[in-house]
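# Chain and residue survey
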Amino acid sequence: MMTAAKPNTPTLENYWMPFTANRQFKAAPRLLAAADGMYYTTDDGRRVLDGTAGLWCVNAGHGRRRIAEAVERQLSTMDYAPCFNMGHPIAFDFAEKLAAIAPGGPEAQLDRVFFTGSGSESVETALKIAIAYQRAIGQGTRTRIIGREKAYHGVGFGGISVGGLVNNRRVFPQIPADHMRHTLDISRNAFTKGLPEHGAELADDLERLVALHGAETIAAVIVEPMSGSAGVILPAKGYLERLREIATRHGILLIFDEVITGFGRVGTPFATDYFGVVPDIVTTAKGITNGTIPMGAVFTKRAVHDALMTGPENAIELFHGYTYSGHPVACAAGLATLEVYAEENLLTRGGALAETWQETMHALKGLPHIIDIRNIGLVAGIELEPRPGAPGARAYEVFLDCFAKGVLIRATGDVLAISPPLIIEPAQITEIADRVAEALRRVA
Ligand SMILES: Cc1ncc(COP(=O)(O)O)c(C=O)c1O
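In this text, all values refer to a predicted model and were calculated from it rather than measured experimentally. (Residues numbered from 1 in each chain as written. Predicted model: local features only at pLDDT ≥ 70, side-chain atom pairs only at ≥ 80, totals over all residues.)

## Quick word on the site of the ligand
Short version of the rule: Proximity of a residue to a molecule or strand is defined by its backbone-placed C-beta atom lying within 6 Å of that partner. As a working rule, the residues Ala, Val, Leu, Ile, Met, Phe, Trp, Tyr, Cys and Pro are called nonpolar, Asp, Glu, Lys and Arg charged, and the rest polar, with Gly in that last group.
Taken together, 14 residues form the shell around the ligand, and within it Ser-118, Gly-119, Ser-120, Gly-154 and Val-259 come nearest. Taken together, the residues of the shell around the ligand break down into five nonpolar, seven polar and two charged.

## Considerations on the pairing of strand β5 (residues 144–148)
Selection rule: Here the C-beta atoms are placed from the backbone, and a residue counts as buried if at least 20 other C-beta atoms lie within 10 Å of its own, exposed if 12 or fewer do, and partly exposed otherwise. In this text, helices come from DSSP runs of H or I with a minimum length of four residues, and strands from runs of E with a minimum of two, each type numbered from the N-terminal end. Strands were regarded as paired on the criterion that DSSP finds at least two bridges between them.
With respect to burial, β5 is a largely interior element, five of its five residues being buried. Alternating residues of β5 divide into Arg-144, Ile-146 and Arg-148 and Ile-145 and Gly-147, and every residue in both groups is buried. Strand direction decides the pairing type here: β5 and strand β7 (residues 218–223), joined by three bridges, are parallel. Note that in β7 the partner of Ile-146 across the bridge is Val-221. Sheet topology places β5 next to strand β6 (residues 177–180); four bridges connect them, and they run parallel. Directly across from Ile-145, in β6, lies its bridge partner Ala-177.

## Let's talk about the nonpolar core
Defined as follows: As used here, a nonpolar core is made of buried Ala, Val, Leu, Ile, Met, Phe, Trp, Tyr and Cys residues. They are joined through C-beta atoms within 7 Å. Annotation comment: domain bounds sourced from an automatic or database domain assignment. Note that contacts rest on C-beta atoms placed from the backbone: two residues are in contact if these are within 7 Å.
Membership of the largest hydrophobic core comes to 125 residues, with the highest contact counts inside it found for Ala-130 and Val-221. It is helix α13 (residues 328–343) that contributes the most residues to this core, eight residues altogether. Two domains each put at least three residues into this core: domain 1 (31–60 + 345–442) and domain 2 (75–343). Discounting residues that sit within four places of it in the chain, Val-221 has contacts with Ile-146, Leu-206, Leu-243, Ala-247, Ile-252, Leu-254 and Ile-255.

## Points about the packing of helix α14 (residues 346–362) against helix α16 (residues 426–442)
As a reminder, the rule being used: The axes are straight lines fitted to the C-alpha atoms, using for helices just the contacting stretch, and the angles between their N-to-C directions are given from 0 to 180°. The scheme is simple: roughly parallel for angles under 35 degrees, roughly antiparallel for over 145, roughly perpendicular for 65 to 115, oblique for anything else. By convention, the crossing between two helices is left-handed when the near helix turns anticlockwise from the far helix through less than a right angle, and right-handed when the turn is clockwise.
Between α14 and α16, the shortest axis-to-axis distance is 10 Å and the interhelical angle comes to 20 degrees. In this view, α14 runs roughly parallel relative to α16, as classed from their interaxial angle. Relative to α16, α14 is oriented so that their crossing is right-handed. Contacts between α14 and α16 involve Thr-356, Trp-357, Thr-360 and Met-361 from the former and Pro-426, Ile-429, Thr-430 and Ala-433 from the latter. A breakdown of the residues in the contact of α14 with α16 according to their chemical character gives five nonpolar, three polar and no charged.

## Looking at the sheet that holds β6
As summarised here, the arrangement of the seven strands in space is β4-β10-β9-β8-β7-β5-β6, forming an open sheet in which the pairing is mixed. Among the strands making up the open sheet, the edge pair consists of β4 (112–116) and β6. When strand polarity is set aside, the average angle formed by the axes of neighbouring strands in this sheet is 20 degrees. With respect to the sheet, helix α9 (residues 205–213) is in contact with β5, β6 and β7, its orientation differing from that of β6 by roughly 145 degrees.

## Regarding the domain arrangement of the chain
Here the domain parsing of the chain yields domain 1 (31–60 + 345–442) and domain 2 (75–343). Averaged C-alpha coordinates put domain 1 and domain 2 at centres separated by 26 Å. Contact with domain 1, which involves 34 residues of that partner, is made by 27 residues of domain 2. Of all elements in the fold, only α2 (53–56), α14, β11 (370–376), β12 (379–384) and β15 (415–418) reach the threshold of two or more residues within the side of domain 1 that touches domain 2. If one sorts the elements of the side of domain 1 that touches domain 2 by residue count, α14 sits on top with nine residues. Classifying every residue of the side of domain 1 that touches domain 2 by side-chain character gives 16 nonpolar, 13 polar and five charged.

## What to know about the environment of Ile-409
One can find Ile-409 in the loop between β13 (407–408) and β14 (410–412). Between the C-alpha atom of Ile-409 and that of Thr-52, which follows or precedes it by 357 residues, the distance is 5.6 Å. Not counting residues up to four positions away in its chain, the partners in contact with Ile-409 are Gly-51, Thr-52, Phe-399, Cys-402, Leu-416, Ile-418 and Val-436.

## Looking at the packing of helix α4 (residues 89–100) against α13
Across the interface, α4 lies against α13 with an axial gap of 9 Å and an inter-helix angle of 35 degrees. Considering only the axes of α4 and α13, their crossing is left-handed. Listed contacts from α13 to Ile-90, Ala-91, Asp-93, Phe-94 and Lys-97 of α4 are Pro-328, Cys-331, Ala-332, Gly-334, Leu-335 and Leu-338. Class assignment of the residues belonging to the contact of α4 with α13 gives a composition of eight nonpolar, one polar and two charged.

Put into C-alpha cells, the structure is as follows:
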C-alpha cells in the first residue's frame, strides 16, 4: 500500500521516480510545492533554503519573472516549430548569444552550438560528433572513447559507457570505451582548499590507454573538469593541462562535460575559463535555462564543425538531432536567463563569494565523521566516514536532518554535496553550514 502525502493529494503509485528509492520515498515523501529566490516551500508550507540549486541548475535562483515572462510570450507567439530542415529566428539568436560567451573566449573558437534537450543528450551528441569528426578527417578507425572512473555523463548508452559509476553501468551493455583512474586522493589531499596539489600525473593514464589500445582506435577523451555527481572531485593542479597535451599529441579530441560547471558554478562562466585549458567540445545543459525548461547545448570548435561541413550541399552533414533541439520556448527561457546572468554578474559571482564559501565550509573540519572537505567556486563536497556495513546511510541521514530543519543539500554516497544558487548571500552560506554542523552532531 502506497501512502499519499496528505488527504486530497494524488496517490503516489503511478509516478516511477528517477534515481530514487521509490518505495522508501513513497513511504515518507518529501514534496516541494513552490519556489522563490533562495527558497523552496514544501507541500505542508515549510520554507527550505535551497543548498543545491535544484539539481545544480537553478543558478539565478527560483521564480525569475523575466524568464517566466519570456516563456509565456514565446508560448503564445509560437509554441513549437520543426527544427529539421526548418528553422526559427530565436534558435539562431540564442546560438549567437551563447557563442558570444562561449567557453574559453573568442580565441578558443568553441562557437558552433548544437542544441539538445538535456545533459545526457549533450553527452551523446558530443561523443557522436567526435567519432564523426575523426571519420571525416580520414581517421575512421577512431571509435573508442576514453572516460574516467567515478565520472557521471548522464544516462544514455554512450554516457554510461564513458561514465564510471558502477550502479549506472552494471546492468547495461556499453559502447567501446575505457577509463582513466579518477582523481580523488584523500590520503594525499584531504581538506585541501581549492585545487589539490597531488595527482597531476594521473593524466598520464591517457598515455597508458593509448599504449594499450592504439591511438588510432581512440576518438576522444571526456572528463568533467570537476566531477559533481560522484561527490565533488577536483582535478589536481596541472592535471587538465597535461590531459590536453597528451590528447593533442595523439590526435584525440578533448571533451569537457560542463553540464554542472557551465554557467557560473565554479566562479567563471565555464570551467574551461577557470582552468584556462581549451577542449575541442564542451557539453552543457542545466543552468542554460536556469533549470526552467529542459535544454542542453554542445559547444564545438569551429574546426571540428567545419570538418563535417563537406560533401554535396544537399546532403545532411550530421545524421543526428532531436525533436526538441533548439525548442523555441527553451530558447526564450535561455535568452532571458543569459540576460539575468549578465545583469546580476552571476557568471562570476561565485568567484566573488568563493573565499567566504571556502572558509565557511572548511570551518566544519573537526565535526564528527568528516574525513574530507573539498571546494571550488560555489561547490562543496563534505565526505563522511561511511558507517560500517552501511555505505551512504550516514550522509543520507544528514540530508534528512537538514531537510527537516529547513536546508536542502544532496547526499551522494557518503558525500554531502552543496551547490546553492549563485544569488546566495553570505548569511545564507552560514545558515547552510550551521544546519550541516547540527545534523552531524545529531547523526550517529
Ligand atoms: C557532468 C554531467 N553530465 C551529464 C549529466 C546529465 O544531465 P541530464 O540529467 O540533464 O541528462 C549530468 C547531470 O547531473 C552531469 O552532472
